[in-house]
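Residues per chain are reported as follows:
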Amino acid sequence: MTVGSNQGGDAKRTAITVGQASTRIWGMTSAQRLSRIYGRVGLSEVTLDAAPASGDVVVVDAGWVFDESLIRALADRPGVALVDETGRIVAANLPVSAAADLSVIAADVPRLTAMELGSAYNSELRKREPPVLERLTPETVDAVEKRLFKGSYKGVTDLVTKYVWPAPARVVTRWCALAKLTPNMVTFASFLMVLAAFWLFWTGQYGWGLVCAWIMTFLDTVDGKLARVTLTSSKWGNVFDHGIDLVHPPFWWWAWFVGLGALGFTVPHGGLLLAIVVGGYVAQRVEEGIFLSLFKVEMHAWRPFDSFFRQITARRNPNLIFLTATTLVGRPDIGFILVAAWTAICLVVHGVQILQGLMAPKGGVTSWLSR
């Protein structure tokens, strides 16, 4: 049995874990997973005997797996209980005097389901999905891990990340969790692949360069999922991961262009095309920033079309599809031309999206996923 407490404003915020589950999930016991959640939502651990003599306390049954958002919401809702789909109380925010036994909570304490306490909309991951609340047993662990992994995925992303990587990424993410590899270790490995792909593209070794590039995109999927399912994300890790994602693509396209010359390919108006590819990438990211600044909504989460277009817009993975396909037929120069053309088209589409947002009624730009 473990307990957590923390200062939230002037009030001490305390959480007590009761019950137990011997089954591990993503390499952790349920109690260990709850301990990480407590730290992330402002609750730190002490023993039950060391709990405050008065005040409210969050009580959580370790026999269940909880979405972090549910514990966060419960910590802000004194005097309510969380129930599973059978109506059994699995967590509550109660006076400390009633914290020892969830089965004897007074009948007048409001009972809320996961959907009533939490929300199906996750703005960070741009998706709608009910918060996780599942019983943890040896029979359910595989299904619960699948549910948590699915919940770690962004709802709006490119088509490779969305449709190709989930199955293998789940296997590798679980292996990393069991091997105690951290998300930052995976991110560092992806960074090495960034450097390798750059050098190989620069020297015209496109085959091996594409192998390194695709490995990098896969690891870029794994590190974020590993951080979310093991609750080990950090500000530094987020900056490291997203910084690499943001900066490296134009360097790859520049190296690809240089590699064409090394192989003797001549690209008509090559300088202009390079400017479109590199400048267009930067301009698109600026357009996304402008949209977010104006409307406080991610451009790709506004309407169903915007979410669909995110799957194919001229970002790294869709561009790699062009380059891989044309390299396989011996024409990497055509791939570069296609990337330039598609970048220009996407730049215009994003510009139109901004104009449409400006013409929408006041308050009309909200995410369709939150409705």
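The text that follows walks through the structure, step by step, so that each part is easy to find. (Residues numbered from 1 in each chain as written. Predicted model: local features only at pLDDT ≥ 70, side-chain atom pairs only at ≥ 80, totals over all residues. Heavy atoms only, no water.)

## Digging into helix H10 (residues 270-295)
Part 1 of the reasoning: With 26 residues, H10 should reach 38 Å at 1.5 Å per residue; the first-to-last C-alpha distance of 37 Å fits that figure.
Part 2 of the reasoning: Most pronounced at Gly280, the bend in H10 amounts to some 25°.
Part 3 of the reasoning: Within H10 the residues assigned to the buried category are Gly270, Leu273, Leu274, Val277, Gly280, Tyr281, Gln284, Glu287, Glu288, Phe291 and Phe295.
Part 4 of the reasoning: Along its buried surface, H10 packs onto helix H9 (235-262) and helix H13 (332-359).
Part 5 of the reasoning: The positive-phi residue at the C-terminal boundary of H10 is Lys296, with phi of around 60°. (Helix = DSSP H or I, 4+ residues; strand = E, 2+ residues; numbered from the N terminus. Expected span 1.5 Å × (residues − 1). Bend = angle between axes of the 7 residues up to and from the residue. Buried < 20%, exposed > 50% of the residue type's maximum accessible area, 1.4 Å probe, protein only. Contact = heavy atoms within 4.5 Å.)

## Quick look at the side chain of Glu288
Part 1 of the reasoning: On the secondary structure map, Glu288 appears in helix H10.
Part 2 of the reasoning: With a relative accessible area of 11%, Glu288 lands in the buried category.
Part 3 of the reasoning: Glu288 has contacts with Met299, His300 and Arg315, leaving out every residue within four places of it along the chain.

## So, the pattern of salt bridges
Part 1 of the reasoning: Using the criterion set out here, one finds 13 salt bridges in the structure.
Part 2 of the reasoning: Where Arg147 meets Glu134, a salt bridge forms, and the shortest distance between an N and an O atom there is 2.7 Å. Placement of Arg147 in helix H4 (residues 141-151) and of Glu134 in strand S13 (residues 133-135) is noted, with a sequence separation of 13 residues between them.
Part 3 of the reasoning: We classify Arg147 as partly exposed; its relative accessible area is 21%.
Part 4 of the reasoning: Assessed through its relative accessible area of 28%, Glu134 is described here as partly exposed.
Part 5 of the reasoning: Asp142 serves as the salt-bridge partner of Arg170, at 3.0 Å between the closest nitrogen and oxygen. Residue Arg170 is found in helix H6 (residues 166-178), and its partner Asp142 is found in helix H4; the two are separated by 28 residues along the sequence.
Part 6 of the reasoning: Under the relative-accessibility criterion, Asp142 is labelled partly exposed at 40%. (Salt bridge = Lys/Arg side-chain N within 4 Å of Asp/Glu carboxyl O.)

## Quick notes on the packing of helix H7 (residues 183-202) against H9
Part 1 of the reasoning: Interaxial distance between H7 and H9 falls to 7 Å at its minimum, and their mutual angle equals 15°. Relative to H9, H7 is oriented roughly parallel. Pair H7 / H9 crosses with left-handed handedness.
Part 2 of the reasoning: Class assignment for the residues of the contact of H7 with H9 results in 18 nonpolar, five polar and one charged. (Axes fitted to C-alpha atoms, helices over the stretch in contact; angles between N-to-C directions. Parallel < 35°, antiparallel > 145°, perpendicular 65-115°, else oblique. Left-handed = near helix turned anticlockwise from the far one by under 90°. Nonpolar A, V, L, I, M, F, W, Y, C, P; charged D, E, K, R; others polar.)

## Notes on H4
Part 1 of the reasoning: Here H4 has its buried residues at Val141, Val144, Glu145, Leu148 and Phe149. Down the axis of H4, the buried set is contained in an arc of 135°. They therefore lie on one face.
Part 2 of the reasoning: Packed against the buried residues of H4 are strand S3 (24-25), helix H1 (30-41), strand S7 (64-66), S13, H6 and helix H8 (206-229). (Arc of directions from axis to C-beta.)

## Observations regarding the nonpolar core
Part 1 of the reasoning: Of all hydrophobic cores here, the largest spans 49 residues; its most connected members are Trp26, Phe201, Trp252 and Trp256.
Part 2 of the reasoning: For this core, the secondary structure elements donating two or more residues are H4, H6, H7, H8, H9, H10, helix H12 (316-328) and H13.
Part 3 of the reasoning: Counting residues per element, this core draws most heavily on H8, which supplies 11 residues.
Part 4 of the reasoning: Excluding residues that lie within four positions of it along the chain, Trp252 makes contacts with Met193, Val194, Ala197, Phe198, Phe201, Ala213, Met216, Arg316 and Leu320.
Part 5 of the reasoning: The next biggest cluster of nonpolar side chains, apart from the first, holds 25 residues, and it includes Tyr38, Ala62, Val80 and Leu112. (Core = buried A, V, L, I, M, F, W, Y, C linked by side-chain atoms within 4.5 Å.)

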